[in-house]
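# Examination of the molecular architecture
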Amino acid sequence: MPRWSKITLKVLAALVALILLIYVGLAIYVSANQKKLLATITEQLNKNISGTMTIGSMNPTFLKGFPGVSLSLKNVILKDSLWENHKHSLLEAKDFDVSVNVIGLLGGHVDIEKIGINNSTIYLFTDSNGYSNTVALKKTSQKDQAAKKGSVPTQIGHIILNNVNFVVDNKKGHKLFHFVVDELRGKIEYPLLGGWEANIKMKTLAKSLAFNTAKGSFVKDKLLDGTFEVKYDDGTRVFDVAPNKLNIGDDLFIIGGRFDTSKEGTDFTIDIEAPNILWKSAAGLLAQNITTKLNMFNLDKPIYVQCTLKGNMGAGGDPLINIKTLVKDNVLTTPGGVVKDCSFNGTFNNNYVNGKGLGDANSIIKLYHFKGSYEELPFLMDTVFINNLEKPIATGIFKSHFDIAKLNKVVGQETLKFGKGTADVNLSYVADVVDFELTKPLVSGSIAIKDADISYVPRKLNFSNTAIQLNFANNDLFIKNIHLQSGKSVVLMDGVVRNFLNLYYTAPEKILLTWQIRSPQIHLAEFLGFLGSRNRAIKARGKHGKRTTLSEDLNTVFEKSNVNMHLSVDKVYYNKFLATNAIADLHLSESGIAIQNVGLKHAGGTLKLNGKITQKGNLNRFNVNTVLSNVDIKHFFYSFDNFGMKSLTSKNLKGYLFSKASISGGITDQGKLVTSSMVGNLVFDLKKGALLDFEPIINVGKFAFPFRDLNHITFDNLNGKFDIRGQKITISPMQINSSLLNMDVAGVYSLSTGTNIALDVPLRNPKKDAGITDPDEKKARRMKGIVLHLLATDGEDGKIKIKLNRNREQSK
C-alpha cells in the first residue's frame, strides 16, 4: 500500500474516532443534563409564542438527527390562555422530535434546527364570537422580548409532519378545514430582510374543505399530493404561496394563493387552475348539493377551468368566487338531450351586483359563443346569462339555420311531421329556469320557414311549399306571410296570439289564435280533417322512458287552444259545389267549429249562414241557419247531391230559389251528410220555376192530360214550408199553380219509405183562366170542375207511385 494511502486512512480513522468520542461525550452530557435541556428546549419553543407549551418527557435519539443531536419529546401540548373555556388544544403531539445544533449544545445553549411532529393533532379553533386559540402563536411584545436576556429569535430550518390531523374549525365564519397529513416536509430559510421562505412537499387527505358549512365541503375525501413554495414577510404579515402543481385525486391542478394575517380574520386569495379535467371529476370536487345538480349534466372530453376564491377566514358566508372555463368540440349531455360539437367560453361570479352580497341570489353564469348541434340541428347562442341561482333567470340570443326535416327528431312525429324546407331562427329570450328547464320564456325575434312540406298528423292535413314567418314580441306571437298549399288549395295567412308564451305553459286552453286568411281558391275536401275529432297523439317516449316534453307540449297546445278565423276566399270548391267571393268567421275549439257571418255567391245568388259543428268521433253534429237569395235551384240541387232525394233531382228543376232554413243533423268526418239525422224546418219561395221531365207527373199526366205539355211545367211563385225530421219531410199545406194544372199538396215525403202526400188536382186547364185579372175571381175559379184526389206513396220498385186517394173521397 502506498504511503499516502496509509496516511489518509489514519486521518479518517482519527476523525471517526473523534466524532464517536464527541457523540459519546454528548450522550453522557445529555443523559446527565436531561432536566436542564428539557427546560431549555421548552424555553426556546415558548420564546416567540404567548401560549403555554408543556412537554411530558424527553429522550435523546442521536442517530436519527445525525450529524446533529435529535431529542424525542413526548406528549407535547400547546394551549392558549382560555383553553379552560373551549377545551381545544392548539397542538397535541404524542411524538415531537427536535434536532439541535451540536456546536450550540457544546457551547451551553440549544439551537433548534428541525422539528418533527408525528401522530398528532393541530386544531385551530375560532368560537362564534371570533376568539381564536391561535393567539397562542402570536409573538410576545417587544417589551417582553427585550426583558429576556440574550433573546434570539428561534429559526427552525426543517419541519416534518407524519400522521397529523390538521383542523381549522371556525364557528364564526362557518368554515371547517380538516386534513389528515400523511407526510409533509418543509425546508425553511430566513433571508436577511426578515420573514422566511419555505419549500414544502406534502401528501395529505382532505376530509373537509368547507368555506360555508351550511353548504357542505369541497374536495371531500381526496388525496392531495404536491409541492409548494411559501414566503412570509414579517413586516406585512403576508403569506404568499407560489403557483405550483398539485394532484387532487387523479387530476392535476395548479394552485397558488395569498393570506394576509395583518387583517382581522385573515384575508385570503386562492387561485386554482385545472388545465385538463373531466366534468364529472370537477363536479366531484364541489359541495354535495352542487355535485348532485351538476351530475345531471356531463361533458365527454376534458375541459379547462380556472377559479379564484377571495374572502376572509373569519367572515361568515361564501367567499367571492370567479370561475372561467373553456369547452371546445365536446359532447354535452343535459336533462333535455345531447348537444354535439359543443363549444363555449363560460364564467361564473357570485357577486353580480356589487353591494348585494355573495351567494346564489347574486350569482351569474355567462356563456359566450355557445354553439353545437342538438338532434342534428346546428345552433349558435352569442350570449347566455343565468343569474340569481335561487330563482334562476336565463337570458340569451339563439340563432340557427337548418333543414326543417331535422325537427322530426326534436318534436317527434305525433303532432307535426316535417318534410323538405329550411328554417332560420333568430331569437332573444328571458326565461325562468325550473329543474334545469326553461319555463315561461319572454321571447323576441323571428323564425322564418321556407319551401316546407308539413303534415298536421292528428287531422291528416298535408301542406306543401309552405312559408311561415313567426315574429315574437314580448309575450305575443305574430304570424306573418304564411303561404300554405294543400293539393289544389292555396292559402295566405296572417295571425296573432296575444300572451302566447305565458299561456303556452300555464293555460293552453286560453290561447286564442286570430287568423286573417286569404285564398284564390280552396278545395274543402282537402281540409276534411277538421271535421273529425283530433286523433290523440300517442305520448312519445324518449330514452329511458322519458317523454318527449316538447312534442307533448305542442300536442296539448294544438288540442286545447282556440282559433278565430276570418276568411276571404275567391273560390270555394267542395265536390260539385262552387262558391265565389266567400267570407266567413270561424271559431275552432277543442269541442268543435262555430260558423258565423258566412256570405258567398253561389249559382247566381247569395247564401248567408251561421251555425256550429260539434265534433264527436266519426259523426259530427251540426246546426245551421241559412238564407238563400235568388239561387238557381238547378245548380243548388246539383251542388248538394239533390239532398239525398232520388225521384226529384237537379235535372227536373228550374227557377230561382229564395229560402230560409234552420236545420241540425249529422255529418261524417268525410264530409257526407247523414240525411236520416236531419231535423229542422225550411221555408222557400221559387220564382220563375219549372218542373222538367219529372217522371211521376208524366206517368199520370199522359193519361189524364194527353194534350198538355208534361215535360215543361212552369210555376208562378211556388212557396211552402217543410218540417224535416230525419228521413221524413212534412209538407205543410201549399198551393201549386202551374202551367199544367193547379194542385193543393200536403203530407209526408220520405227519403226511404213512408211517403204519403195528398194531392188535390182540379182537371181544369189553368190556361183558360190566364186572361182573368181579378185575383179573387181567379182564386174562386181555381178549383172549379172535376177535382182529382190523389195520393203519392211508395211503390214496390222504390219509386213514388200516384193513385186515387179513396179515403179522401169518403171523408168528404
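Treat the numbers as computed from the prediction; the structure is a model and nothing was measured.

Definitions and limits used
Residues numbered from 1 in each chain as written. Predicted model: local features only at pLDDT ≥ 70, side-chain atom pairs only at ≥ 80, totals over all residues. Heavy atoms only, no water. Helix = DSSP H or I, 4+ residues; strand = E, 2+ residues; numbered from the N terminus. Buried < 20%, exposed > 50% of the residue type's maximum accessible area, 1.4 Å probe, protein only. Contact = heavy atoms within 4.5 Å. Areas by Shrake-Rupley, 256 points an atom, 1.4 Å probe, with all protein chains shown as cover. Pairing = 2+ DSSP bridges. Polar contact = N/O pair within 3.5 Å; in protein donor to acceptor, adjacent residues only side chain to side chain. Salt bridge = Lys/Arg side-chain N within 4 Å of Asp/Glu carboxyl O. Core = buried A, V, L, I, M, F, W, Y, C linked by side-chain atoms within 4.5 Å. Phe/Tyr/Trp six-rings, centres within 6.5 Å; stacked < 30°, edge-to-face > 60°. Lys NZ or Arg CZ within 6 Å of the ring centre and 35° of its normal.

## Observations regarding the overall build of the protein
Check the secondary structure of the protein and you find 14 helices and 41 strands. By residue count, 42% of the 812 residues in the protein fall in the buried class. For the protein, the share of sequence-separated contacts (at least 6 apart) that also reach a separation of at least 24 residues comes to 52%. Carbon together with sulfur atoms contributes 57% to the accessible area of the protein, which is approximately 43500 Å² in total.

## Here we look at the pairing of strand 33 (residues 653–668)
Note on strand geometry: in a regular strand, side chains alternate between the two faces of the sheet. Across twelve bridges, strand 32 (residues 619–632) lies against strand 33 in antiparallel orientation. Looking at strand 33, one finds that R621 is bridged to G666. Note that strand 33 and strand 34 (residues 673–692) share 13 bridges and pair antiparallel. In the sheet register, G666 faces strand 34, and the bridge partner there is V674.

## Digging into the side chain of S89
Along the chain, S89 falls in the loop between helix 3 (83–86) and strand 4 (91–100). Note on S89: relative accessible area 7%, which makes it buried. Among the polar contacts made by the side chain of S89, one reaches the side chain of E92 at a distance of 3.2 Å. Those residues in contact with S89, other than ones at most four positions away along the chain, are I77, L78, K79, W83, Y123 and N133.

## Some remarks on the pairing of strand 36 (residues 718–725)
Pairing between strand 34 and strand 36: eight bridges, direction antiparallel. Within strand 36, the position partnered with G680 by the bridge is I724. Both strand 36 and strand 37 (residues 728–737) contribute to a ladder of four bridges, which runs antiparallel. What sits directly across from R725, in strand 37, is K728. Hairpin geometry of strand 36 and strand 37 is characterised by an intervening segment of two residues between the two adjacent antiparallel strands and by a positive phi of about 65° at G726.

## Let's talk about the pattern of salt bridges
Summed over all chains, the structure comprises twelve salt bridges. In this structure, D95 and K74 form a salt bridge, with 2.6 Å as the shortest nitrogen-oxygen distance. Placement of the pair is D95 in strand 4 and K74 in strand 3 (residues 69–79), with a sequence separation of 21 residues. Overall, the relative accessible area of 17% leaves D95 in the buried class.

## With respect to the side chain of Q306
Tracing the backbone shows Q306 in strand 15 (residues 303–312). A polar atom in the side chain of Q306 sits 3.1 Å from the side chain of T308. Dropping the residues within four chain positions of it, Q306 is found in contact with D271, I272, E273, N322, I323 and K324.

## A closer look at unusual backbone geometry
With a phi close to 55°, H174 is a non-glycine residue in the positive phi region. Tracing the chain through its elements places H174 in the loop between strand 6 (158–170) and strand 7 (175–189). Taking relative accessible area as the criterion, H174 reaches 40% and is therefore assigned partly exposed.

## Digging into the nonpolar core
Soluble globular proteins: nonpolar side chains tend toward being buried together. With 160 residues, the main nonpolar core has L91, F96, F472 and W515 as its most contacted residues. When neighbours within four sequence positions are excluded, L91 is seen to be in contact with M53, V76, I77, L78, F96, I117, T121 and I122.

## Looking at the environment of D570
Summarising the element assignment, D570 is placed in strand 28 (residues 562–574). Overall, the relative accessible area of 43% leaves D570 in the partly exposed class. Taking the C-alpha atoms as reference, D570 lies 9.9 Å from K601; in sequence the two are 31 residues apart. If near-sequence neighbours (up to four positions away) are discounted, D570 is found in contact with S519, P520, A579, T580 and N581.

## Things to note about the packing of aromatic side chains
Applying the stated criterion across every chain yields a total of 13 aromatic pairs. Centroid distance Y368 to F385: 6.1 Å. Interplanar angle 80°. Geometry classified as edge-to-face. Placement of Y368 in strand 18 (residues 364–374) and of F385 in strand 19 (residues 377–387) is noted, with a sequence separation of 17 residues between them. The partly exposed category is assigned to Y368, whose relative accessible area is 28%. Site record: aromatic cluster; members linked through ring pairs are F177, F211, F218 and F268. A cation over an aromatic ring shows up here: K366 above the ring of F385, its NZ or CZ 5.3 Å from the ring centre.

## Focus on the environment of M734
In this structure, M734 sits in strand 37. Of the residues examined, M734 reaches a relative accessible area of 11% and is grouped as buried.

## Thoughts on the environment of K654
Topologically, K654 is positioned in strand 33. Between the C-alpha atom of K654 and that of L686, which follows or precedes it by 32 residues, the distance is 9.0 Å. Apart from residues no more than four positions distant in its own chain, K654 is found in contact with I633, L686, K688, G689, A690, L692 and H712.

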